[in-house]
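Fold and geometry: a report
Residues per chain, in single letters:
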Amino acid sequence: QVQLVESGGGLVQPGESLRLSCAGSRSIFKLYPMAWYRQAPGKQRELVASIRRSGSTDYVDSVKGRFIISRDNAKIMVYLQMNVLKPEDTAVYYCNVRVSETDYWGKGTLVNVSS
């Protein structure tokens, strides 16, 4: 059973935009924070953005002003709008939901920012 599925990644040039989507399969996800992580080659996975069920958000400094995280609880979906993409944004992006102390992860979607 696949419980989180990401989509929307691809190859883009610097300065362009992408919108990532994550589809959840369990209604309980509506009650918990959802987040996007990313992992670049040779680097540790980092938290990019998170959103509470209330809609409050948090971002890593490197993407503030460029990325926007949002969620649609009725559809059990979370999104990441990425604007003014830079080569350093290149990574595999993962959707995450933490239910109590259990983490649920998607398989990831690759974002490659290159000229």
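Look up a bit, the structure's there.
Not measured: the values here are computed from a predicted model.

Some details on the nonpolar core
The biggest cluster of nonpolar side chains holds 29 residues, and the ones touching the most others in it are Trp36, Phe67, Ile69, Val78, Leu80, Met82 and Tyr93. Taken together, the elements giving at least two residues each to this core come down to β3 (18–24), β4 (34–39), β5 (46–51), β7 (67–72), β8 (77–82), β9 (91–99) and β11 (109–113). Considering each element in turn, this core owes the most residues, five residues, to β9.

Here's the deal with the sheet that holds β3
Strand order in the open sheet formed by four strands is β1-β3-β8-β7, and the pairing between neighbours is antiparallel. At either margin of the open sheet sits one strand with a lone partner, and together these are β1 (4–7) and β7. Neighbour-to-neighbour, the strand axes of the sheet open up by a mean angle of 15°, direction not taken into account. As paired strands, β3 and β8 are joined by six bridges and run antiparallel to one another. Paired with Leu18 across the two strands is Met82, which belongs to β8.

Things to note about the environment of Glu46
One can find Glu46 in strand β5. When the C-alpha positions of Glu46 and Lys86 are compared, they lie 16 Å apart, and in sequence the two are 40 residues distant. With sequence-adjacent residues up to four places away left out, Glu46 is seen in contact with Trp36, Tyr37, Arg38 and Val60. Among the polar contacts made by the side chain of Glu46, one reaches the side chain of Arg38 at a distance of 2.7 Å.

Remarks on the pairing of β3
A large share of β3 lies buried, amounting to five of its seven residues. Bridging between β1 and β3 involves four bridges; their strand directions are antiparallel. For Val5, the partnering residue across the bridge sits in β3 and is Ala23.

The rules behind each value
- Residues numbered from 1 in each chain as written.
- Predicted model: local features only at pLDDT ≥ 70, side-chain atom pairs only at ≥ 80, totals over all residues.
- Heavy atoms only, no water.
- Core = buried A, V, L, I, M, F, W, Y, C linked by side-chain atoms within 4.5 Å.
- Buried < 20%, exposed > 50% of the residue type's maximum accessible area, 1.4 Å probe, protein only.
- Helix = DSSP H or I, 4+ residues; strand = E, 2+ residues; numbered from the N terminus.
- Pairing = 2+ DSSP bridges.
- Axes fitted to C-alpha atoms, helices over the stretch in contact; angles between N-to-C directions.
- Contact = heavy atoms within 4.5 Å.
- Polar contact = N/O pair within 3.5 Å; in protein donor to acceptor, adjacent residues only side chain to side chain.

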